[in-house]
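Coordinates in review
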Amino acid sequence: MTKIIQISDTHLVKEGCLVSKTLETAASLKNLVGRISKIKLEVGSIDAIIVSGDISDDGTAESYQRFKSILSSLELPIFLVPGNHDVRSIFRSEFLSAGYLPKAGKLNWHKKVGEIHIIGLDTLIEGQGGGELDGDTLKFLESTLEKLGNAPTLLMLHHPPFKSGIEFMDAIGLHTGRESLGDILSSYCGELIVVCGHIHTNIITRLRGHTVISAPSTCSSFVYNIHNDAPVEVLKQEGGLILHDWSEGFKSIQIEAMRGEALFPF
Ligand SMILES: [Fe+2]
C-alpha cells in the first residue's frame, strides 16, 4: 500500500504580499498543513506529498522558502513540478538539494515511492501562461516508461492534457505535445494515472485508456462557466486535496476542506 497526497497551485508570494490583491495564500497553505496532520491520523502513514505546479505566484526565492518552511512540520518527502508561475532557475536552486531534480535542462524526473513510480514532467514555457511538452520531455517520458515494465505509475504535470471548458484557462492550456503524450501513454499497459493542476478545479477524465485527474488549488478556484464571455475572476477557496492510494489499483479520494465539525452516530 502506498499513499500519496497531491496538492496544487499554492501560489505563494513574498511576505506581506497578496495574490489578486485578496488572497493570503500562505495562510491557506498553513491551514492545509494542519488538515494533513489530522488526515495522517485518519488514514495512517503518508509516503509523500506531490505538488502539481504553481508553487510560487511571483517566482521569488522567498516564496519557495516560505513553501518549504510551511511544509517542513509534516516531515514528509515532497516532489514538485513547475507551473507557469514558477521560475525554472530559482525553482531548481531552491529544491535541488532534495536530490530528485536534474541539474540542467527541463525539470523532468522519476522517483520510486513505496510500490509506485512517480514521473514529473516540466510543461513550463518561461514567461507564458500556456504550456508545452517539448521533444526532450516526451523522449524522457517514453524512455522512462520503457524501463518500468508496466509497473504502477503516477504521472504528474502542471498543465492538464485536456480542455477544461473554462475558456480563459484553456487559452493558456497545454498547447504542444498533447497528442504525442496520448500516443506514448496508449502503449503503456500497466496501471497509470495522470495528475495535474493549473485549472484550480477537480475534473476527472480519460486519455487513451488512462485516468486523468486535475486537482483543486490550495487557495482559490474559478466559477465553472463555459461561456466565451465568462468573467475572468477568481474565488477564494481552500480546496480539497487528493489522496492517491495504491493497493491492487489506484483509488483517488478528494478530501474536502470544509467538513462538518460534529460527528453524529451513523
Ligand atoms: Fe498554472
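See the structure above.
Read on for an overview of the structure. (Residues numbered from 1 in each chain as written. Predicted model: local features only at pLDDT ≥ 70, side-chain atom pairs only at ≥ 80, totals over all residues. Heavy atoms only, no water.)

Quick notes on the overall build of the protein
Looking only at helices and strands, one finds 6 helices and 15 strands in the protein. Taking 266 residues into account, the globule formula puts the C-alpha radius of gyration at 18 Å, and the protein, at 17 Å, falls close to it. Dimensions of the protein along its principal axes, counting C-alpha atoms only, are 45 × 45 × 40 Å. The buried share of the protein, reckoned over its 266 residues, is 54%. The contacts in the protein between residues at least 6 apart in sequence include a share of 68% that link residues at least 24 apart. With an accessible surface of roughly 12,200 Å², the protein has 52% of that area assigned to carbon and sulfur atoms. (Helix = DSSP H or I, 4+ residues; strand = E, 2+ residues; numbered from the N terminus. Rg over C-alpha atoms; globule rule 2.2 N^0.38 Å. Buried < 20%, exposed > 50% of the residue type's maximum accessible area, 1.4 Å probe, protein only. Contact = heavy atoms within 4.5 Å. Areas by Shrake-Rupley, 256 points an atom, 1.4 Å probe, with all protein chains shown as cover.)

Considering the coordination of the iron ion
For the iron ion, the protein coordination sphere consists of D54 (OD), N84 (OD1), H158 (NE2) and H198 (ND1), at 2.2 Å. Around the iron ion, the 4 donor atoms sit at angles spanning 84 to 169°, and that spread fits a shape best called irregular. Counting the intervening residues between successive donors of the iron ion yields the motif D-x29-N-x73-H-x39-H. With D54 in the loop between strand 2 (48-52) and helix 2 (61-71) and H198 in the loop between strand 9 (192-196) and strand 10 (203-207), this residue pair connects regions lying 144 residues apart in the sequence. (Donors = N, O, S within 2.8 Å, 3.2 Å for Na, K, Ca; no water. Tetrahedral: all angles 85-135°; square planar, octahedral: opposite > 155°, others 65-115°.)

Let's talk about unusual backbone geometry
Although it is not a glycine, S20 sits at a positive phi angle of roughly 50°. Positive phi values are uncommon outside glycine, yet H200 reaches one of about 55°. Mapped onto the elements of the fold, H200 is located in the loop between strand 9 and strand 10. Residue H200 is classed as buried on the basis of its relative accessible area of 7%.

Quick look at the packing of aromatic side chains
Under the counting rule described, the total for this entry stands at 9 aromatic pairs. Ring geometry for F67 versus F95: centroids 6.0 Å apart, planes at 85°, classification edge-to-face. Here the residue F67 occupies a position in helix 2, and F95 occupies one in helix 3 (residues 88-95), the gap between them amounting to 28 residues. Grouping residues by exposure puts F67 and F95 together as buried. Relative to W109, the ring of Y100 has its centre 5.0 Å away and its plane inclined at 80°; by these criteria the two rings are edge-to-face. Judged on exposure class, the residue Y100 and its partner W109 are both buried. Positioned above the aromatic ring of F95, the side-chain terminus of K68 is 5.5 Å from the ring centre. (Phe/Tyr/Trp six-rings, centres within 6.5 Å; stacked < 30°, edge-to-face > 60°. Lys NZ or Arg CZ within 6 Å of the ring centre and 35° of its normal.)

Some remarks on the pattern of salt bridges
Inspection of the entire model under this criterion finds 7 salt bridges. For E126, the salt bridge identified is with R88, shortest N-O distance 3.6 Å. One end of the pair, E126, is in the loop between strand 5 (116-120) and strand 6 (131-132); the other, R88, is in helix 3, and 38 residues separate them in sequence. Judged by its relative accessible area of 13%, R88 falls in the buried class. Among the ionic pairs, K106 bridges to D134, the shortest N-O distance being 2.9 Å. Of this pair, K106 sits in the loop between helix 3 and strand 4 (109-113) while D134 sits in the loop between strand 6 and helix 4 (135-148), placing them 28 residues apart in sequence. (Salt bridge = Lys/Arg side-chain N within 4 Å of Asp/Glu carboxyl O.)

So, the sheet that holds strand 10
Pairing within the open sheet is mixed, and its 6 strands lie in the order 4-5-7-9-11-10. Looking at the sheet topology across the chains shown, the edges are occupied by strand 4 and strand 10. Averaged over all pairs of adjacent strands, the angle between their axes in this sheet comes to 20°, without regard to strand direction. Sheet topology places strand 9 next to strand 11 (residues 210-214); 4 bridges connect them, and they run parallel. Its bridge partner being in strand 11, C196 is matched across the sheet by S214. Across the face of the sheet, helix 4 comes into contact with strand 4, strand 5, strand 7 (153-156) and strand 9 while running at roughly 175° to strand 5. Packed on one face of the sheet, helix 6 (residues 178-186) meets strand 7, strand 9, strand 10 and strand 11 and runs near 70° to strand 10. (Pairing = 2+ DSSP bridges. Axes fitted to C-alpha atoms, helices over the stretch in contact; angles between N-to-C directions.)

Digging into helix 2
Since the α-helix turns once every 3.6 residues, residues separated by three or four places project in the same direction. Within helix 2, burial applies to S63, Y64, R66, F67, I70 and L71. Projection of helix 2 onto a plane perpendicular to its axis shows the buried side chains occupying an angular sector of 155°, all on one side. If you follow the buried residues of helix 2, they end up packed against strand 1 (2-7), helix 1 (25-43), strand 2, strand 3 (78-81) and helix 3. (Arc of directions from axis to C-beta.)

Here we look at the environment of K106
Separated by 28 residues in sequence, K106 and D134 have C-alpha atoms that sit 9.3 Å apart. Setting aside its immediate chain neighbours within four residues, K106 contacts R88, D122, L124, E132, D134 and T137. A polar contact of 3.4 Å, which involves the side chain of K106, links it to the side chain of E132. (Polar contact = N/O pair within 3.5 Å; in protein donor to acceptor, adjacent residues only side chain to side chain.)

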